[in-house]
Structures are given as C-alpha cells and as structure tokens.
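Given next are the chains, with one letter for each unit.
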Amino acid sequence: MGKEISTDVSRDPRRPLIAVVGPTATGKTRRAVAIARHVGGEIISGDSRQVYRLMDLGTGKDLEEYGEVPYHLIDVAEPGTKYNLYQFLRDARKADAEIAARGKLPIVCGGTGLYVESFLKGMALPEVPENAALRAELEGKELPELKVILASMKTLHNVTDLDTCQRAIRAIEIQRYYLDHPDEARDAVEPTPRQALVVGVAIDRETRRRRITERLDARLAAGMTEEVERLLAAGIPAENLIYYGLEYKFVTLFVTGQISRAEMRDGLEIAIHQFAKRQMTWFRGMEKRGIPIAWLDYTLSDDDFVSETMRLYENRLRELEM
C-alpha cells in the first residue's frame, strides 16, 4: 500500500484534503472509500443530487460501498426541494471543519464539477431568496428564451443551469440578485482556496459508454421506475422530479404517460452519455482554471490506486513544505 503518512489535520488546518473526481460510472466512490480506509478519513460527497433522501437508485448513491467509512452531504435534503450551491458550500465547509477537528482527513468525492471546484477555490455565495415578481415575469417562457436572458447576464459555464426551465429561472434569479446587491457579488470569492490533491479516474470513451449503459440497465432492473413511483405517491409534484434532470426527468415522463418505456430508456441513455461528456469538459476546464488533476487509470486495482494517490499526496505535502 505504500508508506503510511500522518493525516492529523487537527494540528494543521492547512493540510490538504484529497478529492476524487471523474465522469459518471467510473467507480469514484469505490476509490474514495479505499483511500478513506487507508488513511482513516471521512468522505464529503460532491454530488448535487445525492443530497436528497429517498432518491437512491437514480442518483447512484451506492451506499453499500461505504461500509464503516463515515460520509457527509448524502441524504441531507428532502426530495422535491431545491438544494443549491450556496447550501453545498455552507455544508461542505462545516463537514470539512468537523472532520479536521476529529483529526481525520477529508476526502471529497463527486462528479459535480461546479460544486467541487467552487469548494476548492473557496467560493462564498450569499443566500439568494426567491423573487416572486421575477418568477411571475418569467413564467411561461420557453427554455431557449430563458437561455438568451441568462446569457445576457453571465457567461454560460454551468450548462446544468439550462437542463430545465425551472433551473434556468433560478439561475436568472440568482444573477438578478447579484446585480441588485453588487457588494455581495464582489465578496463571492474568498482569497484563500482549500488546499487539495485532486485525483481523477481516467477512462476511455468507449469503456465509459459501455459502463454507463450497463449501469443504467442494472438500475432499471433494480427498481428505478418504482423509486420514482414512490416519490410521486408521496406527493412530490412531477415537475419537481423533472427539475432534477437525467434519471428523474425521463423516468417521471414515462411514469406519467408522456413517453414510452423505450423512449425513456433510450433517451436517458443518450442524456447520460452527454452528461458524462459535459463532466469531462468541466474537469478539463478546472485544470485550465488552475486546479491540477492527476488522472489515474480506472483499470488500476484499488490497492494500486491508493498507493499512487498516497505517493502524489506526499509530493503535495512537500510542495507545501508541510
């Protein structure tokens, strides 16, 4: 496994954490858990949908993989609500501090590049309230029109803002708040980023596509449709589930009779492939924006993945003269 290293972050808050990133279906969770077991660490999920309770198969929580390893920011919000970047940064910082106070090493794991990058860069966002007047003004507008409005207010880096009309309206609402509160907008970036070693799970395109397809069919067989039916039966509006995109969008459209099972399965497969491509685009952008990622091949055994991560982590400590 390689040389054991000290991970007592409680004695030095500058000690970097480890982040494991990559596109969907690459086995990030398994690798993060292996690292956490090796160093006695705890995992902070960097996934924008695993925060929701009762949404398990569609978000790919794979909770059985964690075993005895503590995890955070999974099952912290009610289904049907809209957990956002502000809440994530608040909760991730709290978890990070608490893990460090226990003398453990935080391991961030997730494929939501916006969340992971914002956390590592030390982003600080104001809590943006709902703007009823603005929402009334935007109600009924189609997604292309909302995209034009949002593009006039910001550079469209985060493509998930445009998955649905609801997401686009919320993004416009946030940008309007920043325009109306410029002081808070100027304070949106803290000067000190969170030091980290970021490792990515590298996988070739064809293997990634095969694994996505296999995982999709396995989750459908395991009851993903029934999961959505239970959420709808619990009183969660269909439009709220559609808001989450991907699995919940397509399965909800099928369950409510708007598309056929074949359209649901095939459309979802295409959407997940596109999503994985966007994830890789984001991570490549992270590297260009100053966050280096050490890409390790997905074919590495867990032991070899951990050993290489520890070697890189020791190098990172030396770079920081820790």
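Rules used throughout
- Residues numbered from 1 in each chain as written.
- Predicted model: local features only at pLDDT ≥ 70, side-chain atom pairs only at ≥ 80, totals over all residues.
- Heavy atoms only, no water.
- Buried < 20%, exposed > 50% of the residue type's maximum accessible area, 1.4 Å probe, protein only.
- Helix = DSSP H or I, 4+ residues; strand = E, 2+ residues; numbered from the N terminus.
- Pairing = 2+ DSSP bridges.
- Core = buried A, V, L, I, M, F, W, Y, C linked by side-chain atoms within 4.5 Å.
- Contact = heavy atoms within 4.5 Å.
- Polar contact = N/O pair within 3.5 Å; in protein donor to acceptor, adjacent residues only side chain to side chain.
- Salt bridge = Lys/Arg side-chain N within 4 Å of Asp/Glu carboxyl O.

A short note on the pairing of strand β2 (residues 42–45)
In summary, the side chains of a regular strand alternate between the two faces of the sheet.
Moving on, step 1. By the alternation rule, side chains of β2 split into Glu42 and Ile44 and Ile43 and Ser45, which are all buried.
Moving on, step 2. Sheet topology note: the β2/strand β3 (residues 71–72) ladder contains two bridges and is parallel. Residue pairing across strands places isoleucine 43 opposite tyrosine 71, the latter belonging to β3.

Looking at the nonpolar core
Moving on, step 1. Among the nonpolar cores identified, the biggest contains 54 residues, and Tyr83, Phe88, Phe119, Leu120 and Val198 are the most heavily contacted of them.
Moving on, step 2. Here this core gets eight residues from one element, more than from any other, and that element is helix α12 (residues 261–288).
Moving on, step 3. Contact partners of phenylalanine 88, with chain neighbours within four places excluded, come to Ser45, Gly46, Leu73, Tyr83, Tyr115 and Phe119.
Moving on, step 4. Grouped together as the second largest cluster of nonpolar side chains are 27 residues, Ile35, Ile43, Leu105 and Leu317 included.

A few points about the environment of glutamate 269
Moving on, step 1. If you trace the backbone, glutamate 269 turns up in helix α12.
Moving on, step 2. Exposure remark for glutamate 269: the relative accessible area of 17% places this residue in the buried category.
Moving on, step 3. The contact partners of glutamate 269, leaving out residues within four places of it in the chain, are Thr213 and Leu216.
Moving on, step 4. Polar side-chain contacts of glutamate 269 include one of 2.6 Å to the side chain of threonine 213.

A word on the pattern of salt bridges
Moving on, step 1. Tallied over the entire structure, the rule returns 26 salt bridges.
Moving on, step 2. Residues arginine 284 and glutamate 287 are paired through a salt bridge, measuring 3.3 Å at the closest nitrogen-oxygen approach. Of this pair, arginine 284 and glutamate 287 are both found in helix α12, three residues apart, which corresponds to roughly one turn of the helix.
Moving on, step 3. Owing to a relative accessible area of 40%, arginine 284 belongs among the partly exposed residues under this scheme.
Moving on, step 4. In this structure, glutamate 319 engages arginine 316 in a salt bridge whose closest nitrogen and oxygen atoms are separated by 3.0 Å. On the criterion of helical spacing, the pair formed by glutamate 319 and arginine 316 is a turn pair, its members being three residues apart in helix α13 (residues 302–319).
Moving on, step 5. Overlapping salt bridges bring together Glu130, Arg135, Arg170 and Glu173 as one network.

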